[in-house]
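# Coordinate analysis (summary)
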Amino acid sequence: MTLIRRETERDRAAVHAVQDAAFATAEHASGGEADLVDALRAGEDWVPQLSLVAEIDGKVVGHVVCTHGRLAGERVLGLGPIGVEPELHGKGIGAALMHAVIGAADARDEPGIVLLGDPGFYGRFGFVLAEELGVTPQDERWAPHFQVRPLAAWHEGLRGRFDYPPAFAEFG
Ligand SMILES: CC(C)(COP(=O)(O)OP(=O)(O)OC[C@H]1O[C@@H](n2cnc3c(N)ncnc32)[C@H](O)[C@@H]1OP(=O)(O)O)[C@@H](O)C(=O)NCCC(=O)NCCS
């Protein structure tokens, strides 16, 4: 059985290891994803309620985090990285993490979640191309993969360029 829960201090090394393993074979990896999580955790844009782990038999096998970027002068979440142990891909763990983090963000009255990823995977969780909502990426080449999941607190004023927390430029 997979348990989804908030990350605690004791999980930090396991989270690092899981993100390293997940991105070791991933197509669009920078190689810095695990270090990115640590840098985000040390910064002011970290949201402890939105760093979640998937656990099976007491072992951390997946992790997702959302942190605060900026859009139209407001704090808006950016999702990433998300990673699952490679030998456990395709078993619904990534989907469970996505549903949990979206629900937790909505419950906090966060307006939305931005991410860069494959629309074929993230569309099923309600993500739409960001340009449909007037939201643009820092690099225009990202546009085909740049998506937003509007939440209950989304509003029309949220238009323009979304900026990830600065750590993404260093490790993302
Ligand atoms: C992306 C990831 C977290 C998904 O976790 P998972 O536990 O395998 O996901 P699930 O089992 O819940 O869902 C699997 C479904 O997602 C699809 N999928 C998984 N990764 C995908 C990707 N990168 N692009 C498109 N589809 C993907 C699978 O084809 C499968 O589709 P199906 O349900 O139609 O068969 C995992 O594959 C991973 O850790 N990848 C390496 C790191 C990475 O690329 N992270 C995302 C960066 S944007």
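Let us look at the structure shown here. (Residues numbered from 1 in each chain as written. Predicted model: local features only at pLDDT ≥ 70, side-chain atom pairs only at ≥ 80, totals over all residues. Heavy atoms only, no water.)

## Side note on the overall build of the protein chain
The helix and strand inventory of the protein chain stands at 5 helices and 9 strands. Helices (α) and strands (β) of the protein chain occur, in sequence order from the N terminus, as β-α-α-β-β-β-α-β-α-β-β-β-β-α. In terms of overall dimensions, the protein chain is globule-like: its C-alpha atoms have a radius of gyration of 15 Å, near the 16 Å expected for 172 residues. By principal-axis analysis of the C-alpha atoms, the protein chain measures approximately 45 × 30 × 30 Å. Of all 172 residues assigned to the protein chain, the portion counted as buried reaches 45%. In the protein chain, of all internal contacts separated by at least 6 residues, the share reaching a separation of at least 24 is 66%. Of the accessible surface of the protein chain, which amounts to about 8,500 Å², a share of 50% is contributed by carbon and sulfur atoms. The average position of the 15 basic charges and that of the 26 acidic charges among the side chains of the protein chain differ by 4 Å. (Helix = DSSP H or I, 4+ residues; strand = E, 2+ residues; numbered from the N terminus. Rg over C-alpha atoms; globule rule 2.2 N^0.38 Å. Buried < 20%, exposed > 50% of the residue type's maximum accessible area, 1.4 Å probe, protein only. Contact = heavy atoms within 4.5 Å. Areas by Shrake-Rupley, 256 points an atom, 1.4 Å probe, with all protein chains shown as cover. Lys, Arg positive; Asp, Glu negative; His and termini not counted. Charge placed at Lys NZ, Arg CZ, Asp CG, Glu CD.)

## A short note on helix H1 (residues 12-24)
Here H1 spans 18 Å end to end across 13 residues, near enough to the 18 Å set by a 1.5 Å rise per residue. Three or more residues of H1 are buried, namely Val15, Val18, Gln19 and Ala22. Summarising the axial view, the buried residues of H1 lie within an arc of 95 degrees, below the 170-degree limit, and thus occupy one face. Among the exposed residues of H1, those pointing more than 90 degrees away from its buried face are Ala13 and Ala24. (Expected span 1.5 Å × (residues − 1). Arc of directions from axis to C-beta.)

## Quick word on the pairing of strand E3 (residues 59-71)
By the criterion of burial, E3 is predominantly enclosed, with 11 of the 13 residues buried. Across 7 bridges, strand E2 (residues 46-56) lies against E3 in antiparallel orientation. Paired with Glu55 across the bridge in E3 is Val60. The pairing of E3 with strand E4 (residues 74-84) spans 9 bridges and is antiparallel. Pairing of Arg70 across the sheet is with Arg75, part of E4. The loop that links E3 with its antiparallel partner E4 comprises 2 residues; one of these, Ala72, has a positive phi angle of about 50 degrees. (Pairing = 2+ DSSP bridges.)

## Description of the environment of Leu88
Residue placement: Leu88 occurs in the loop between E4 and helix H3 (93-107). Counting along the chain gives 27 residues from Leu88 to Val61, while the straight-line C-alpha distance between them is 7.9 Å. Dropping the residues within four chain positions of it, Leu88 is found in contact with Ile56, Val61 and Ile93.

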